[in-house]
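One letter stands for each residue in the lines below.
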Amino acid sequence: MLAGVTTHVGSTASPTLPTDGLPAALSDVTGSNASLRGFLHGLPGVDQVGAEARAASLGTRSVKTTAKAYALDLAIRMVDLTTLEGADTVGKVRALSAKAMRPDPADPTCPAAAAVCVYPDMVATAKQTLGGSGVHVASVATAFPSGRAALDVKLADTRDAVEAGADEIDMVIDRGAFLSGRYLDVHDEIVAVREVCGDAHLKVIFETGELQTYDNVRRVSWLAMLAGAHFIKTSTGKVQPAATLPVTLVMLEAVRDFREATGRMVGVKPAGGIRTAKDAIKYLVTVNEVAGEDWLDPDWFRFGASTLLNDLLMQRTRLTTGRYAGPDYFTLD
């Protein structure tokens, strides 16, 4: 077992870029599918009962008063405000971008969201609206959400988004390749997409609801990190189950152990199904307890969501004014 990879569960410019600066024990792991498979299947197995019990326990932590106010503002700052529908329009993306910059127009102390996440053809609209606000533009790519396309099509999809001004690319892996054991194919595709990203950060979506086991979640997390991912992301939001607390816990353990082994931090983004402030705070508690406070930052943890922001705003208003705003007080997205 590689030194520095610990058992705590339940408890690009070129293809060689991802191995730059990695320990010698990892530098040749991706030399062949056999060596990559050997490494991934040699990772500590996940205790399903233990992981789910720990996630449930962390979800019962009570956060109140000042700590709750801090958590609500932090969660708002971590939201990738998302619209990924075939019926998206220029007007809708402009409105969403305006909301990301000023989530609560009546309260100038309310922080901005982290990013607006859209399809590649809407990147230019979001970029123009957001201007120099500091809110990033994220774009899904690589034949989202299925990932079923030839590599040249996926790279063209990514290139279009980057050239339109995307700061971040959310790509989807080929789940069929991963589940059939073609790990090196998945790795090399991530490397190729990262190269096309240039300065844009790359988030790699696993679609964990299709991966069947927590062991697979741990393996794909390491695979993506070895390939140079800046973030690892649970889901597209189009498949159920999407994000869950136990799956996110396993991914947080992976990024923690990866930093211990390599010195490099990687972010985590749960997406899909996180709708309430109460749920968001459970995730923040889990981040703090599993990965550590370094990840309690929008640079290292994000929520992919469309409806979560409104509940965060309602809870924030309740905390600051003593009364709830009505559900129609904030715009529906």
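Heads up: the structure comes first, above all this text.
Cut-offs applied
Every chain's residues receive numbers from 1 upward, in the order its sequence appears when written. Whole-chain, interface and lining totals are the exception, using all residues; otherwise, since this is a predicted model, local features are given only for residues with pLDDT of at least 70 and side-chain atom pairs are given and counted only at 80 or more. Think of the side-chain values as coming from all heavy atoms in the structure, minus any hydrogens and water. The secondary structure listing takes helices from DSSP runs of H or I that are at least 4 residues long and strands from runs of E that are at least 2 residues long, numbered from the N terminus. Only protein chains enter the accessibility calculation, which uses a 1.4 Å probe; a residue is then buried when its area is under 20% of its type maximum, exposed when over 50%, and partly exposed in between. Per-residue and other accessible areas follow the Shrake-Rupley method at a 1.4 Å probe size, with only the shown protein chains counted as cover for residues. When checking whether two residues touch, look at their non-hydrogen atoms; a contact exists if any pair is within 4.5 Å. Orientation is described by axes fitted as lines to C-alpha atoms, over the contacting stretch for helices, and by angles from 0 to 180 degrees between their N-to-C directions. Relative orientations are named as follows: roughly parallel for angles under 35 degrees, roughly antiparallel for angles over 145 degrees, roughly perpendicular for angles from 65 to 115 degrees, and oblique for any other angle. Crossings are sorted by hand: turned counterclockwise from the far helix by less than a right angle, the near helix makes the crossing left-handed, and turned clockwise it makes it right-handed. Three categories are distinguished: nonpolar for Ala, Val, Leu, Ile, Met, Phe, Trp, Tyr, Cys and Pro, charged for Asp, Glu, Lys and Arg, and polar for the others, with Gly belonging to the last. N or O atoms within 3.5 Å of each other form a polar contact, as long as, within protein, one can give a hydrogen and the other can take it, and as long as residues adjacent in sequence are counted only when both atoms are side-chain atoms. Nine residue types can take part in a nonpolar core, namely buried Ala, Val, Leu, Ile, Met, Phe, Trp, Tyr and Cys, and a core is a set of them joined through side-chain atoms within 4.5 Å. In this description, the arc belongs to the directions extending from the helix axis to the C-beta atoms.

Caption draft 1: Main features of the overall build of the protein. Counting its regular elements, the protein contains 13 helices and eight strands. In the protein, which comprises 333 residues, the proportion classed as buried is 56%. Put simply, the protein shows about 13,400 Å² of open surface, and 52% of that area lies on carbon and sulfur atoms.

Caption draft 2: Structural view of the side chain of Lys154. Inspection of the secondary structure assignment puts Lys154 in helix 7 (residues 151–163). Judged by relative accessible area, which is 1%, Lys154 ranks as buried. Not counting chain neighbours up to four residues away, the residues in contact with Lys154 comprise Thr142, Gly147, Ala149, Asp174 and Glu189.

Caption draft 3: Local environment of the environment of Gly304. Considering the arrangement of structural elements, one finds Gly304 in strand 8 (residues 303–305). With 30 residues separating them along the chain, Gly304 and Ile274 place their C-alpha atoms 8.1 Å apart. The contact partners of Gly304, leaving out residues within four places of it in the chain, are Asp80, Thr82, Lys269, Pro270, Ala271 and Gly272.

Caption draft 4: Layout of the packing of helix 11 (residues 245–262) against helix 12 (residues 277–291). Taken N-terminus to C-terminus, the directions of helix 11 and helix 12 make an angle of 30°; their axes are 9 Å apart at the nearest point. If you check the angle between helix 11 and helix 12, you find them roughly parallel. Viewed along their axes, helix 11 and helix 12 form a crossing whose handedness is right-handed. Residues Leu245, Thr248, Leu249, Leu252, Glu253 and Arg256 of helix 11 form the contact with helix 12, whose own contacting residues are Lys282, Tyr283, Thr286, Val287, Val290 and Ala291. Class assignment of the residues belonging to the contact of helix 11 with helix 12 gives a composition of seven nonpolar, two polar and three charged.

Caption draft 5: Focus on the packing of helix 4 (residues 65–77) against helix 13 (residues 308–321). For the pair helix 4 and helix 13, interaxial distance at closest approach is 10 Å and the crossing angle is 150°. As judged from the angle between their axes, helix 4 and helix 13 are roughly antiparallel. The chirality of how helix 4 crosses helix 13 is left-handed. For the pair helix 4 and helix 13, the contacting residues are Thr65, Lys68, Ala69, Leu72, Asp73, Ala75 and Ile76 in the first and Leu309, Leu312, Leu313, Gln315, Arg316 and Leu319 in the second. The class makeup of the residues in the contact of helix 4 with helix 13 is eight nonpolar, two polar and three charged.

Caption draft 6: View of the side chain of Thr262. As for its placement among the helices and strands, Thr262 is situated in helix 11. When its relative accessible area of 15% is taken as the criterion, Thr262 is described as buried. Of note is the side chain of Thr262, whose polar atom sits 2.7 Å from the backbone oxygen of Phe258.

Caption draft 7: Quick look at the nonpolar core. Counting residues in each nonpolar core, the largest one holds 98 residues, and the members touching the most others are Ile190, Trp222, Ile232 and Phe303. The dominant element in this core, judged by the number of residues it contributes, is helix 11, at 10 residues. Filtering out sequence-adjacent residues up to four positions away, Phe303 remains in contact with Ala75, Met78, Val79, Asp80, Lys269, Pro270, Ile274, Ala280, Tyr283, Leu284 and Leu308. Residues Leu84, Cys117, Val172 and Ile205 belong to the second largest nonpolar core, which totals seven residues.

Caption draft 8: Inspection of unusual backbone geometry at higher detail. Across the junction of Phe144 and Pro145, the peptide omega takes the value 0°, indicating a cis bond. Among the structural elements, Pro145 can be located in the loop between strand 3 (136–141) and helix 7. For the bond running from Gln240 to Pro241, omega is -5°, close enough to zero to count as cis. Inspection of the secondary structure puts Pro241 in the loop between strand 6 (231–233) and helix 11. Unlike most non-glycine residues, Thr142 shows phi in positive territory, near 60°. Inspection of the secondary structure assignment puts Thr142 in the loop between strand 3 and helix 7. In this structure Thr142 comes out as buried when scored by relative accessible area, which is 0%.

Caption draft 9: Fine view of helix 3 (residues 48–58). For helix 3, every residue scored as buried is listed here: Gly50, Ala51, Arg54, Ala55 and Leu58. Taken around the axis of helix 3, the buried residues stretch over an arc of 130°, which confines them to a single face. At its buried positions, helix 3 is contacted by helix 11 and helix 12. With a side-chain oxygen positioned 3.2 Å from the backbone nitrogen of Val49, the residue opening helix 3 is Asp47.

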